[in-house]
Structure formats: C-alpha cells, structure tokens
Amino acid sequence: MKLLSAAFFSLFGIAFLEYSPESQLGPPDINDLICFFQPLSFGISYVRIEEYLRRLPTGSEKALSAIQVQVTAIVSLIWAISMHYGNGQETIALSFLQEPYSLIALLHTGLLSTALTVYITNVALKEVPASESSVIIGTEPLWAAIFGSLLLSETMSSNEVFGGLLILMGCFIGTQANSVEESK
C-alpha cells in the first residue's frame, strides 16, 4: 500500500512539474503526455526487467542488454524513417555520416548513452529492487527542473516547486515502504 502511495505522490508531482500553467505556452499536448508517462514507463520496464533477470541464468545481463539495445535501434530507425518520409522527403541523405563529428556523436549515443547505460541498469537491477529504482527514476523530471534552474537560470513556478515536493514525498514514502519490507 505504501508503494502505491509513493507512486501516487510521484505521478501527481510529475504532473505538477511537467504541466505548470505559468510556464506553458498553450494547452497540454502530446509532448506533455509523453513527459508525464516517461517515468511511469521506465518504472514498469524496471519491474519487468527485474522479473526476467531473476528467471534467466546468472550472467545474462549482457544478453538481455544486447536485446534491449537492438530493439531500441530498430524502433529508432523506424521512427527516423517515418519522420523523414512524413516530412515529404523522398530520399534519405546519409552525407552527414561523412562528417567526423556526426560519427562521433552517433557512436557516443549508441555505445555510451544507450548500450552502456542499459547494461549498467541491468546489473544494478540484480542488486536494487525495481520498486526502489522506479521511485528513484521518477525524480528525473525534478532533476531536470533543478539543473535547468541552476545552469540555465530558468525559474520554477510555485506549481513546479509543489510538484517537486510531491515527488520527494513519493521517494520518502517509497524508501520507508522498502525499509519496512526488508525488516520483516
């Protein structure tokens, strides 16, 4: 019940943080919806990954990570092609691959930002319960807002601050729920 409360606080905090009327240029749109469901989707995926890692033999983190990266690459390629042809362009220009900086960025995104982080996440999910990881990943919008405020001099509205407090409350409740479960 406490984990459900933690999720409730975190989701409502994300809603306040992601959609603050003071900082919006218009009514909520699909992008706001995606930002709202992103932490929820990650949380659900962590629970599923943890289940698979428990069923698979020890050391299967690399194989599972490889599958996840392949699926990510395929879905990203389908999205990129659909966006390209959806904009009315008939051919795909691959000339950007001749630029060294483009190749470096592509390799960095594929190897470090995707493959390495997926592998580290899978290794961590062997040690940290998915319920804790899910609550922690729910703080991502809060960290984005804090760093936006600190590094880019953005101001947080009272709704965004309230949303951040709700997220922190969700984390507190979630960690208390896990510590109670561990003590049993």
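Everything here concerns the structure above.
Residues numbered from 1 in each chain as written. Predicted model: local features only at pLDDT ≥ 70, side-chain atom pairs only at ≥ 80, totals over all residues. Heavy atoms only, no water.

### Points about the pattern of salt bridges
Per the counting criterion, the structure on display carries three salt bridges. Arg54 is the partner of Glu50 in a salt bridge, and the nearest nitrogen-oxygen pair spans 3.2 Å. With Glu50 and Arg54 both in helix α2 (residues 30-55) and four residues apart, the pair spans about one turn of that helix. On the basis of relative accessibility, which here comes to 12%, the residue Glu50 falls in the buried class. Judged by relative accessible area, which is 66%, Arg54 ranks as exposed. Notably, a salt bridge pairs Glu61 with Lys126, separated by 3.7 Å at the nearest N-O pair. Of this pair, Glu61 sits in helix α3 (residues 61-86) while Lys126 sits in the loop between α4 (100-125) and α5 (130-137), and the two are 65 residues apart along the sequence. Here Glu61 falls in the buried class, since its relative accessible area comes to 12%. On the basis of relative accessible area, Lys126 is assigned to the partly exposed category, the value being 33%. (Salt bridge = Lys/Arg side-chain N within 4 Å of Asp/Glu carboxyl O. Helix = DSSP H or I, 4+ residues; strand = E, 2+ residues; numbered from the N terminus. Buried < 20%, exposed > 50% of the residue type's maximum accessible area, 1.4 Å probe, protein only.)

### Re the packing of helix α1 (residues 2-18) against α2
Two quantities define a packed helix pair, namely the angle between the axes and the distance from one axis to the other. Look at α1 against α2: their axes get within 10 Å of each other, and the N-to-C directions meet at 150°. As far as their axial angle goes, α2 and α1 are roughly antiparallel. For α1 against α2, the interelement crossing comes out right-handed. From α1, Leu11, Ile14, Ala15 and Glu18 reach across to α2, where they touch Asp32, Cys35, Phe36, Pro39 and Leu40. In terms of residue class, the contact of α1 with α2 is built from seven nonpolar, no polar and two charged. (Axes fitted to C-alpha atoms, helices over the stretch in contact; angles between N-to-C directions. Parallel < 35°, antiparallel > 145°, perpendicular 65-115°, else oblique. Left-handed = near helix turned anticlockwise from the far one by under 90°. Contact = heavy atoms within 4.5 Å. Nonpolar A, V, L, I, M, F, W, Y, C, P; charged D, E, K, R; others polar.)

### Points about the packing of α2 against α4
Interhelical geometry of α2 versus α4 gives an angle of 65° and a closest axis separation of 9 Å. Comparing the axis directions of α2 and α4 gives the class roughly perpendicular. For the crossing formed where α2 meets α4, the hand is right-handed. Of α4, the residues touching α2 (which contributes Tyr46, Ile49, Glu50 and Leu53) are Thr121, Asn122 and Leu125. Its residues placed into classes, the contact of α2 with α4 shows four nonpolar, two polar and one charged.

### Some words on the nonpolar core
By size, the foremost hydrophobic cluster in this structure holds six residues: Tyr46, Ile49, Leu53, Leu64, Leu125 and Ala130. Here this core takes three residues from α2, the largest share from any one element. The contacts of Ala130, once residues within four sequence positions are left out, are Tyr46, Val47, Glu50 and Leu125. (Core = buried A, V, L, I, M, F, W, Y, C linked by side-chain atoms within 4.5 Å.)

### Looking at the packing of aromatic side chains
Taken as a whole and assessed by the stated rule, the structure comprises five aromatic pairs. When the centroid spacing of 6.3 Å and the interplanar angle of 35° are considered together, the rings of Trp143 and Phe147 count as tilted. Separated by four residues within a single helix, Trp143 and Phe147 lie in helix α6 (residues 140-152), roughly one turn from each other. By relative accessible area, Phe147 is classed as partly exposed at 44%. (Phe/Tyr/Trp six-rings, centres within 6.5 Å; stacked < 30°, edge-to-face > 60°.)

### Focus: the environment of Cys171
Relative to the elements of secondary structure, Cys171 occurs in helix α7 (residues 158-183). In this structure, the C-alpha to C-alpha distance between Cys171 and Ala6, residues 165 residues apart in sequence, is 6.4 Å.

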